[in-house]
Amino acid sequence: MITINFTVNGQKKELEVKGTATLLEILRDELYLTGTKEGCGKGECGACTVIMDGKAVNSCLILATQADGSEITTIEDLEHDGALHPLQEAFIEAGAVQCGFCIPGFIMSAKAFLDKNHYPTREEIKMAIAGNLCRCTGYRKIIDAIQLAARKMYGEKP
Amino acid sequence: MRVIGKGVNREDGYEKVTGRALFADDHSFPGMLYARVKRSIYPHARILEIDTSRAKALPGVLAVATARDIPGMNVVHVVIDDQPLLADKTVMYVGEPLAVVAAETPEIAEQACDLIDVKYSKLPAVLDILKARGKSSPKIYKDNNVFAHHKIRKGNIEEGFKKADIVLEQIYRTPYQEHAYLEPQGMVAVPRYGSTMEIYGTMQCPFYVQQAVADITGLDLSRVRVVQTYTGGAFGGKEDVPSLVAGQAALLAYHTQRPVKLIYSREEDIISMSKRHPAWIKYRSGVTKDGKLTAVEIEFLFDSGAYSTLSSVVLWRGIVHSVGPYNVPHVKVDAYAVATNKVPCGAFRGFGSPQVIFAAETQMNELAAKLDMDPAQFRSINLLQEGDLTATSQLLDHSVGIGDTLKAALGSSNWRDKRKGSGGTDGSVRKGIGLSTVFYGVGLGAGGKQMARAGAYVQLLRDGSAQFAVGTTEMGQGMRTVLSQIVAEQLGIPYKKVYMIETDTSRVPDSGPTVASRATVMSGNALIKACAPLREILLKRAGIILGQDPQFLIFQDEMIHLEEHPEIAVPLMKVIEDCHHHRENMSHEGWFISPETSWDPETGQGKAYFIYSWATNIAEVEVDIETGQVKVLKITAAHDMGKAINPLLVEGQIEGGALQGMGYGLMEEVLVDEGRIINPNFSTYIIPTVIDAPEFQPIIVEKPFRDGPYGAKGFGELPLMGVAPAVTAAISHALGITLHEIPATPERILEAIQAAKKANLNG
Ligand code: FES
Ligand code: FES
C-alpha cells in the first residue's frame, strides 16, 4: 500500500492505495464518486474523463499513485448549492442527453476545453470531444450543448 | 394540448448531468461479493472435467458454482429452451459460461477463475451458414442445423415473373453488428429474508430476468423481485442476455446468501453477448418497363450462433419487412435461422430488418438504374398507399405516411439538383446522394401476440403531484419523459409534478418486454386507462364544489371549469385536496391489450402488426476514389411516427439511430476467426465518433394512429433501419458502382472500383 495526497473537488484527501489501483477505481470505490463511469477500462471511450490539473484525462489509464499531489475535479463538483453548471444546463436544454452514461465524461472534457477556449467553433469542439464515445445521440446535440454553454458562460465573441 | 407535442426537457436530465443517476455498477450493498465468469475457449468441445478445487481453496473465495450447483433448472428461457446458464456436457461457442465465482474482491474472483481447470475434447465446429445445412456438416441442432424457417406465399410467383420485363437477381451480405452500449452488462443479486431474491441491474426486460432467476434458483416468481437501474444504452442488446448475467449473479447469491455484484468487462461483453445476425440474402425481383414491381422472391439465411435465443422471432420480423414498403402482387420468401458454433445472435434495433432492408433497397436502386429512372420516382410508383395490401396481404387502412416522408425528404435535401449534379471532378473526391424508403411494424406483432399487453399504476397525491409505475423501461430512448408528459396531460397537472418510479416487477403486472418500439403505445395507453377513473373522480368532486353537472366540466390551466363559462371554475389543487378529504381512492391501475394481429404460418399471410411507422432517408457523401474513404456529409431523415409527443426526443432518436445505421453501413464489423471474435474492444471494433458524424436534418411527419396515445405509433428502431442502404446508394451514385456487401470499408470500395473498371474494359 502506498500513501497518496491529492485534492479532489476542492477537498484534501490522504489515501492508502494499492500500486495497481487506477484513479478511476479510487474515485469510485474509495471516495464513492460514482458519477465518473467505466465504459471500457482501456482509454477507448472517455466515459471516465475527469479533470486533472486543468487537463481532461481518462482516469482509467492513470494510476492512483500518479495522481499524488494533483488536483482532480469530477462531475460531482460542477453543481453548486443546487445550481447547475452552465454546461449541465445546456446539455439538458439542447436535448444532448439520452441514456446518460457517457454524459459526465463529455461534460468534463467540455469543461476542461471551455475553461481555455471561450469562443470555440464547432470544429474545435469536435476535436475536444473526439475521444469521447456516445452510442445514443449522434453527437450533434452534444456539440450544440457545448456551444450553448460557451455562450451562457462567456457571451458572444467580442 | 399543454404538454403533448412539446419538446420539454428530459425528466431524468438532472440526474444524468450531475452524475447522480445510479447505473448498475453504482449500486453497493453491505457484505457484497464480486463475481467473475469462467468461459469456454473452444467453439465446440466436449467437457471432460471441470476441476474447481484449486479455485475453491483460494483465500477470499466464497463460492464456485458449475452447472451441478444450480438448484433449479439449468436453462435460460427465451423461445426454445436449448440454452443452459452454465455449459454442462458440451461447449457450443467461444465465451460460453462454464462456471461462476464469488469472492471478496474482483481481483480474487478473477484469480479464482484462472485456477479452474477445464479438460475438453474438441469437436468439429459449424462455422459457415452456407455449409451448415449441407449433408456433410456436423450437426449441432436437430438434423439440419436450422432453428427456424419462416415463409411468405402471396399470389403466384411464376405469374409475377412472367409479367416482368426486367428481372434482377443478386446476392447481398451483411455483417455482425455489436450494440456497443456504453454501459456494459451488469447485475447485483441481493438475497433477502432467507428465501427471496432481489435483482438490480441494467436491462430492457425485467420480467424476462424475473423468469430466469426463478428458473435457476427454483424460487417462485412471487419471491423474485427485479428492479431496473438506470440503463446506459441497450438497443436490443439488453433484451434477453441480461437474464444470463442475472442468473449468474443470483446463483452465487443463492449459495453465499450475500449480495453479489457481477459487471462484465467490455471484452467479455463483446465476446459473449448478443449481436445483430450476419446475413446472406438472395434477392430476385421483376419489374415492368414502366417501373411497376411484379414479383419479389427472396431466400435468406441468418447466422444465429450456438443457441436459438430470439432467432426465430428476429427472423419473423425479417420476413415481414423483407419486401420493403412496396406494393408487390406476387411474393415468395423463405428464411432460415441457422445454427453455428458462434456467439448467439439476438435483438438489435431493427430486429432482423436492417439486413433485408439493405438487400431490398439496394435492389430497388439497381432496378431503377436499369430502367434509367430516378430512384425517387421508382419509389413513388411502387410505394404502399392507403388501401393497398402488404406482402402479407394486410390491408393498410390508415396512418400510411411513407409518401409524405418521401416528399418531405426530397424537398428538404434538394434531391433533384443534387442527383443531377453528382460525380464531380474535384481532384480524387466524388460526391453522391442516395435514398431509402422503409417501414416498421410497431410492437410485437402476431409473432409475439401473447405478450402484447401492458399494465400501469398511477397515484395522485395530496400535494398535487403524481407518481406512476409501468412495466416497460427507460434505456435512454426517453420513455420516462414521454410517459410523464402523457400523465401530466391526462391529469391536468404540471409536467414537473409527475414522477415515474423505477421499473420494478413488484409494482405492475408482467407487461412484456421493452422492445419493438412498443413502450409509448403500450404503456402510454395503459396509463391513459389508469388516469381515466382519476379524471372521473376529479370531475365529480369539482361538480359538487361548483354545483354543476360534471359532464360539462373540463380541465384547463390547472383549473377545472364549465366548458361554456370559464369563469365558473375551481383550482385543480383544491379539487385534489377535496378528493383526499373525502377518502376517494386516488390510485388506479390500467391494463392495455394491443389491437388484434393474425398470422398463418403456412402462407405467411395475415395482419402482421397493428400499425406501421414509415421513413425516408437521404444520404449525401463524398468519396475519395484513391483511398476509398467515405465522408458522409448529411443525412436527411423524414419519419412518420403518428405523433411526436416530444419533438426534441424524437429528433434525438432520429439522429442517434441514423448514426448507428451509418456505422453499420460503413465501418462496423465484428471479425470472427475460427469462431473466435478477434476485435473485442473499441480500438478495433470501430463505432462512429464525433468526427464521423454528419450533419443531420430530422423531419417529423405526423399521420395519427387511431389506437395510439394522442395518435403516436412508436418508432425508436426505425431511424437505424434504412440508413446503411441510403449511404451505399450515395456511394454508388458518386462512383457509378454498386455495393452488395456492407460495411462499405475503403478496401471494399476500392475493390468495387477495380471490378467496375475491369467490367468496363471487358464490356
Ligand atoms: S473507461 Fe476510461 S476510457 Fe473507457
Ligand atoms: S447518451 Fe448514451 S452513450 Fe451517450
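Colleague: Describe the side chain of B:Ser428, naming the residues involved and giving the relevant values.
Modeller: Along the chain, the position of B:Ser428 falls in the loop between strand 16 (423–426) and strand 17 (429–441). On the basis of relative accessibility, which here comes to 14%, the residue B:Ser428 falls in the buried class.

Colleague: Requested: an account of the interface of chain B and chain A, with residues and values cited.
Modeller: Contact with chain B, which involves 53 residues of that partner, is made by 44 residues of chain A. Taken together, both faces of the contact between chain B and chain A bury some 3,700 Å²; the carbon and sulfur share is 58%. Contact with chain A buries area across many residues of chain B, yet B:Val17, B:Leu182 and B:Val690 alone supply 20% of it, more than any other trio. Summed over the shared surface of chain B and chain A, the result is 10 salt bridges. In this structure, A:Arg135 engages B:Glu668 in a salt bridge whose closest nitrogen and oxygen atoms are separated by 2.7 Å. Contributions of two or more residues to the side of chain B that touches chain A are made by helix 1 (13–18), helix 8 (266–272), helix 17 (647–666) and strand 29 (695–701) of chain B. Examining the composition of the side of chain B that touches chain A, we find that 8 residues originate from one element, helix 17 of chain B, more than from any other.

Colleague: Can you tell me about the pattern of salt bridges, naming the residues and giving the values?
Modeller: Residue and element names in this part refer to chain B. Applying the stated criterion across every chain, the model contains 54 salt bridges over all chains. Between glutamate 297 and arginine 284 there is a salt bridge, with the nearest N and O atoms lying 3.1 Å from each other. Note that glutamate 297 is positioned in strand 14 (residues 293–305) and arginine 284 in strand 13 (residues 279–287), a separation of 13 residues in sequence. Glutamate 297 sits in the partly exposed class, given a relative accessible area of 23%. Where aspartate 334 meets lysine 332, a salt bridge forms, and the shortest distance between an N and an O atom there is 3.8 Å. On the accessibility criterion, aspartate 334 (9% relative accessible area) is buried. Taken together, the shared-partner salt bridges connect Arg153, Glu169, Arg284, Glu297, Lys332 and Asp334 into one network.

Colleague: Tell me about the sheet that holds strand 23 (residues 569–571) of chain B, residues and numbers included.
Modeller: All names here are of chain B. The strand order 21-22-23 describes an open sheet built from 3 strands, whose pairing is antiparallel. In this open sheet, the two strands that pair with only one neighbour each are strand 21 (553–556) and strand 23. The sheet shows a mean angle of 20 degrees between the axes of neighbouring strands, taken without regard to direction. One ladder, built from 3 bridges, connects strand 22 (residues 559–562) with strand 23; its direction is antiparallel. Counterpart to methionine 559 in the pairing with strand 23 is proline 571. In the packing of helix 15 (residues 519–546) onto the sheet, the strands contacted are strand 21, strand 22 and strand 23, and the crossing angle to strand 21 comes to about 110 degrees.

Colleague: Please provide a residue-by-residue account of the domain arrangement of chain A, values included.
Modeller: Residue and element names in this part refer to chain A. We note that the domain assignment places domain 1 (2–76) and domain 2 (86–154) within chain A. A straight line from the C-alpha centre of domain 1 to that of domain 2 covers 21 Å. Counting from both sides, the interface comprises 17 residues of domain 1 and, opposite them, 13 residues of domain 2. When residues of domain 1 are sorted by the area they lose upon contact with domain 2, Thr49, Ile51 and Ile75 head the list and together hold 40% of the total. At the junction of domain 1 and domain 2, the tally comes to 0 salt bridges. One can count 3 residue pairs in polar contact (both at pLDDT 80 or more) joining domain 1 with domain 2. When residues of the side of domain 1 that touches domain 2 are assigned to their parent elements, the largest contribution, 3 residues, is made by strand 3 (residues 49–52).

Colleague: Tell me about helix 6 (residues 206–217) of chain B, and name the residues and values.
Modeller: All names here are of chain B. For helix 6, spanning 12 residues, the distance from its first C-alpha to its last is 16 Å, which sits close to the expected 16 Å at 1.5 Å a residue. The buried fraction of helix 6 amounts to 11 of the 12 residues, a majority that puts the element mostly inside the structure. Within helix 6 the residues assigned to the buried category are Pro206, Phe207, Tyr208, Val209, Gln210, Ala212, Val213, Ala214, Asp215, Ile216 and Thr217. Where helix 6 is buried, its residues touch strand 9 (186–192), strand 10 (196–201), strand 11 (224–228) and helix 7 (242–256). Just past helix 6, the residue glycine 218 takes up positive phi, approximately 80 degrees.

What counts and how
Residues numbered from 1 in each chain as written. Chains lettered and ligands numbered in written order. Predicted model: local features only at pLDDT ≥ 70, side-chain atom pairs only at ≥ 80, totals over all residues. Heavy atoms only, no water. Helix = DSSP H or I, 4+ residues; strand = E, 2+ residues; numbered from the N terminus. Buried < 20%, exposed > 50% of the residue type's maximum accessible area, 1.4 Å probe, protein only. Contact = heavy atoms within 4.5 Å. Buried area = accessible area lost by both parts, 1.4 Å probe. Salt bridge = Lys/Arg side-chain N within 4 Å of Asp/Glu carboxyl O. Pairing = 2+ DSSP bridges. Axes fitted to C-alpha atoms, helices over the stretch in contact; angles between N-to-C directions. Domains from an automatic or database assignment. Polar contact = N/O pair within 3.5 Å; in protein donor to acceptor, adjacent residues only side chain to side chain. Expected span 1.5 Å × (residues − 1).

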